[in-house]
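Next come the chains, spelled out residue by residue.
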Protein chains: 4
Amino acid sequence: MTKDTATFPQPDSWWPHRVSYGETDAMRIVYYGNYLHWFEQARSHFVRERGMGYAEIEARGVLLPVREAHCRYLASAAYEEEVLVRTGVGKWGRASLTFDYEVYNTSRDRQLMTRGYTQHACLSPQGKLVPVPDWLKTLCRQNPIL
Amino acid sequence: MTKDTATFPQPDSWWPHRVSYGETDAMRIVYYGNYLHWFEQARSHFVRERGMGYAEIEARGVLLPVREAHCRYLASAAYEEEVLVRTGVGKWGRASLTFDYEVYNTSRDRQLMTRGYTQHACLSPQGKLVPVPDWLKTLCRQNPIL
Amino acid sequence: MTKDTATFPQPDSWWPHRVSYGETDAMRIVYYGNYLHWFEQARSHFVRERGMGYAEIEARGVLLPVREAHCRYLASAAYEEEVLVRTGVGKWGRASLTFDYEVYNTSRDRQLMTRGYTQHACLSPQGKLVPVPDWLKTLCRQNPIL
Amino acid sequence: MTKDTATFPQPDSWWPHRVSYGETDAMRIVYYGNYLHWFEQARSHFVRERGMGYAEIEARGVLLPVREAHCRYLASAAYEEEVLVRTGVGKWGRASLTFDYEVYNTSRDRQLMTRGYTQHACLSPQGKLVPVPDWLKTLCRQNPIL
């Protein structure tokens, strides 16, 4: 998987998934709205691979609601095909961070299907913007430990 | 809509819906799991038509989690077709109630598509089984007021 | 609804919806991925209000797959709240068009919740890019007739 | 996993899944309609573990649309918890088959969360009821080979 590394934020994680029937639509391909659900599962996988669940991040008092989501559709996937969702942190703001995503169809020669990102605000439990804590930056800059 | 009244619990409500693209699957018809979502919206419509939102029922201290769900698929619906979901209370238990549903495809001569039911426990906010309160029975036995 | 007209493409349509339980998540608000599903229903409503279903557009040999989707989250909505999704055509390309969206929470003083857009390629049934047909432009430039 | 074997159809398969945010609802647990989506993924996993994808079954001219679905909710699961969906063929009809399911919460001491079944008609590509082919019975009676 070397070829894309240059342009994708490092470190990254890869979340594997198989397209279910319920995720397809009458075009016989994955419904466009389901990619945001995949992105959510992939970024959750990203932090979990580094040793901390999203639920624990919240328990430590850091909420990361999505402020912006973007998706560019290049190719699709059909029922039962296997996909890989790649995730990395593309940008750090003072009180925000942005996850980047790429989706590959491994059943079709690892064709790039989708690119996207989600920008997250960093909030206290009271809903105030707060600086991204150092432990979260450190976590996301580690290589996977699991 | 007289013809089905004999066999369906009265009073009833009818929730109209148009099939979206995202609700279809690669068979080009509504995905079987989406009916439970429709049932939820239809029973919410049933109580709302009688003057009380589901959220207010919860605010009054009555939780109605689903204990059992059943669905019998007879025919389906395609993208953009219009359906009607009929709802009534089929059975009252001491600490439970059962909603019955029928789904009709009004784009296909009002064909009966689906029958189903959901059984709900009646719980206190502390999660204890409690008798169904009289005001809830009275509410559900009214004709629609909205 | 005059106040936003200046900045939103005209003509527009407004699609009403009530938030269901299944659309909320553990934050007790609408899950971020569901907005793309609402956008789909709203643009389908936009063309239907002008006299043509999306299915008929496809039957006439014009496919409009989503090439890009964007969503900016400003506020959210809780269970049973009522929302309005506003839709208009923001941009015409030679072989593409872009729908713009705004989502308002009418249960919270018509608060603006979300802005977004979806860009669609204009394809022949064989999957070739084709110029947007004039009848489609004419349709989208009409005021609602239904 | 010996303890439940006696009462559950053999052979069985176990499909692992982690609860995503999008699958939860405002009760902070898995939305009741999502179980049917899990059942679909679990029965697809069941046949795949025996060497044949669902798509190939269809390609061989056997369609298995759901005729009935049932779900009994005993306990739930929260965000990020891990579940196992167990699947086996509970009943063979002449032109139908029934999959049985159990869902366990492995994050809560393998608590039994849900029981359910889906009954499937066996149809030709022309939509006619046909006897269940022998190769399909043989497939489902094998132990997993993958």
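Residues numbered from 1 in each chain as written. Chains lettered and ligands numbered in written order. Predicted model: local features only at pLDDT ≥ 70, side-chain atom pairs only at ≥ 80, totals over all residues. Heavy atoms only, no water.

### Overview of the side chain of B:Arg86
Residue and element names in this part refer to chain B.
Thought 1: Looking at where Arg 86 falls in the secondary structure, it is placed in strand E3 (residues 82-92).
Thought 2: You can call Arg 86 buried: its relative accessible area is 0%.
Thought 3: In this structure the side chain of Arg 86 is engaged in a polar contact, spanning 2.8 Å, whose partner is the side chain of Asp 12. (Helix = DSSP H or I, 4+ residues; strand = E, 2+ residues; numbered from the N terminus. Buried < 20%, exposed > 50% of the residue type's maximum accessible area, 1.4 Å probe, protein only. Polar contact = N/O pair within 3.5 Å; in protein donor to acceptor, adjacent residues only side chain to side chain.)

### Topic: the relation of the copies chain B and chain C
Thought 1: For these two chains of identical sequence, chain B goes onto chain C by a turn of 180° and a shift of 0.0 Å along the axis, with RMSD 0.0 Å. Taken together, the rotation and translation describe the operation of a two-fold axis. Considering only C-alpha atoms, the residue of chain B closest to the rotation axis is B:His17, which sits at 5.3 Å.
Thought 2: Here 100% of the interface residues in chain B have copies in chain C that are interface residues too; the copies meet face to matching face. (Least-squares fit on C-alpha atoms with pLDDT ≥ 70 in both. Contact = heavy atoms within 4.5 Å.)

### Focus on the environment of A:Phe46
All names here are of chain A.
Thought 1: If you trace the backbone, Phe 46 turns up in helix H1 (residues 34-49).
Thought 2: According to the relative accessible area criterion, Phe 46 is buried, its value standing at 0%.
Thought 3: Along the sequence, Phe 46 and Thr 87 sit 41 residues apart, while their C-alpha atoms lie 6.6 Å from each other.
Thought 4: Beyond its immediate stretch of four places on either side in the chain, Phe 46 contacts Pro 11, Asp 12, Ser 13, Thr 87, Gly 88, Val 89, Phe 99 and Cys 140.

### Here we look at the pattern of salt bridges
Thought 1: Across all of its chains, the model carries 24 salt bridges over all chains by this definition.
Thought 2: Across the salt bridge formed by B:Glu102 and B:Arg86, the nearest N and O atoms sit 3.1 Å from each other. Of the two residues, B:Glu102 sits in strand E4 (residues 96-105) while B:Arg86 sits in strand E3, which places them 16 residues apart along the sequence.
Thought 3: Connected via shared salt-bridge partners are A:Asp12, A:Arg86, A:Glu102 and A:Arg115. (Salt bridge = Lys/Arg side-chain N within 4 Å of Asp/Glu carboxyl O.)

### Quick look at the confidence of the model for chain A
Thought 1: On average, residues of chain A score 95 in pLDDT, and 96% of them reach the 70 mark or higher.
Thought 2: Model confidence for the complex is summarised by a pTM of 0.96, with the ipTM given as 0.94. (pLDDT = per-residue confidence, 0-100.)

### Section: the interface of chain C and chain A
Thought 1: Contact residues are listed per partner, giving 20 residues for chain C and 20 residues for chain A.
Thought 2: Each partner contributes to the roughly 1800 Å² buried at the junction of chain C and chain A, and carbon and sulfur atoms together form 57% of this total.
Thought 3: Inspection of the region where chain C meets chain A yields zero salt bridges.
Thought 4: Secondary structure elements with two or more residues in the side of chain C that touches chain A: helix H1 (34-48), strand E2 (66-73) and strand E5 (111-121) of chain C.
Thought 5: A class-by-class count of the residues in the side of chain C that touches chain A yields 10 nonpolar, four polar and six charged.
Thought 6: The sheet contact formed by strand E2 (residues 66-73) of chain A and E2(C) spans five bridges and is antiparallel. Across the sheet, residue A:Ala69 finds its bridge partner in E2(C), namely C:Cys71. (Buried area = accessible area lost by both parts, 1.4 Å probe. Nonpolar A, V, L, I, M, F, W, Y, C, P; charged D, E, K, R; others polar. Pairing = 2+ DSSP bridges.)

### Concerning unusual backbone geometry
Thought 1: The amide bond that connects A:Gln10 to the next residue, A:Pro11, takes the cis arrangement and shows omega of -5°.
Thought 2: Mapped onto the elements of the fold, A:Pro11 is located in the segment before strand E1 (13-18).
Thought 3: The phi torsion at B:Arg28 lies on the positive side, around 70°, for a residue other than glycine.
Thought 4: Given a relative accessible area of 46%, B:Arg28 falls into the partly exposed group.

### Details of the sheet that holds strand E4 (residues 96-105) of chain D
Thought 1: One open sheet holds the 10 strands; their spatial order is E1(B)-E3(B)-E4(B)-E5(B)-E2(B)-E2(D)-E5(D)-E4(D)-E3(D)-E1(D), and the pairing between them is antiparallel. Both edges of this open sheet fall to strand E1 (13-18) of chain B together with strand E1 (13-18) of chain D, since each of them pairs with a single strand only. Taken over all neighbouring pairs, the strand axes of this sheet differ in orientation by 20° on average, direction set aside.
Thought 2: Where strand E2 (residues 66-73) of chain B lies against strand E5 (residues 111-121) of chain B, seven bridges are found, and the strand directions are antiparallel. Paired with B:Tyr73 across the strands is B:Thr114, a residue of E5(B). (Axes fitted to C-alpha atoms, helices over the stretch in contact; angles between N-to-C directions.)

### Looking at the packing of aromatic side chains
Thought 1: Under the counting rule described, the total for this entry stands at 32 aromatic pairs over all chains.
Thought 2: Look at C:Phe46 and C:Phe99: their rings are 5.9 Å apart centre to centre, the planes differ by 75°, and that puts the pair in the edge-to-face class. Here the residue C:Phe46 occupies a position in helix H1, and C:Phe99 occupies one in strand E4 (residues 96-105), the gap between them amounting to 53 residues. Like C:Phe46, the residue C:Phe99 is buried in the burial classification.
Thought 3: A connected cluster of aromatic rings, assembled from ring pairs, spans A:Tyr31, A:Tyr32, A:Tyr35, A:Trp38 and A:Tyr73.
Thought 4: Seen from the ring of D:Trp135, D:Arg60 lies directly overhead, with NZ or CZ sitting 4.6 Å from the centre.
Thought 5: A cation over a ring is seen here: D:Arg110 above D:Tyr104, with NZ or CZ 4.3 Å from the ring centre. (Phe/Tyr/Trp six-rings, centres within 6.5 Å; stacked < 30°, edge-to-face > 60°. Lys NZ or Arg CZ within 6 Å of the ring centre and 35° of its normal.)

### Some remarks on the interface of chain B and chain C
Thought 1: Listed as interface residues are 17 residues of chain B and, on the opposing side, 17 residues of chain C.
Thought 2: Summed over both sides, the interface of chain B with chain C buries roughly 1400 Å², with 44% coming from carbon and sulfur.
Thought 3: Together, B:Arg48, B:Tyr79 and B:Glu80 form the three largest contributors to the area buried by chain B at its contact with chain C, with a combined 30%.
Thought 4: On inspection of chain B and its partner chain C, the count reaches zero salt bridges.
Thought 5: Looking at the side of chain B that touches chain C, the elements that each hand over two or more residues are E1, helix H1 (34-48) and helix H2 (54-59) of chain B.
Thought 6: Tallying contributions element by element places H1(B) first for the side of chain B that touches chain C, with five residues.
Thought 7: Here the side of chain B that touches chain C is built from residues that sort into four nonpolar, seven polar and six charged.

### Overview of the sheet that holds E2(C)
Thought 1: If you walk across this open sheet you meet the 10 strands as E1(A)-E3(A)-E4(A)-E5(A)-E2(A)-E2(C)-E5(C)-E4(C)-E3(C)-E1(C), and the pairing is antiparallel. Edge positions in the sheet fall to E1 of chain A together with strand E1 (13-18) of chain C, since each has one partner strand and no second. Between one strand axis and the next, the sheet turns by 20° as a mean value, whatever way the strands run.
Thought 2: As defined by bridge partners, E4(C) adjoins E5(C) across 10 bridges and the pair is classed as antiparallel. Considered in E5(C), the bridge of C:Val103 is made with C:Thr114.

### A closer look at helix H3 (residues 134-141) of chain D
All names here are of chain D.
Thought 1: Residues of H3 that are buried include every one of Leu 136, Leu 139 and Cys 140, and no others. Along the long axis of H3, the arc covered by the buried residues comes to 90°, so they all point the same way. Every exposed residue of H3 that faces more than 90 degrees away from the buried side is listed here: Asp 134 and Arg 141.
Thought 2: Turning to H3, the residues buried within the fold contact helix H1 (34-48), helix H2 (54-59) and strand E3 (82-92). (Arc of directions from axis to C-beta.)

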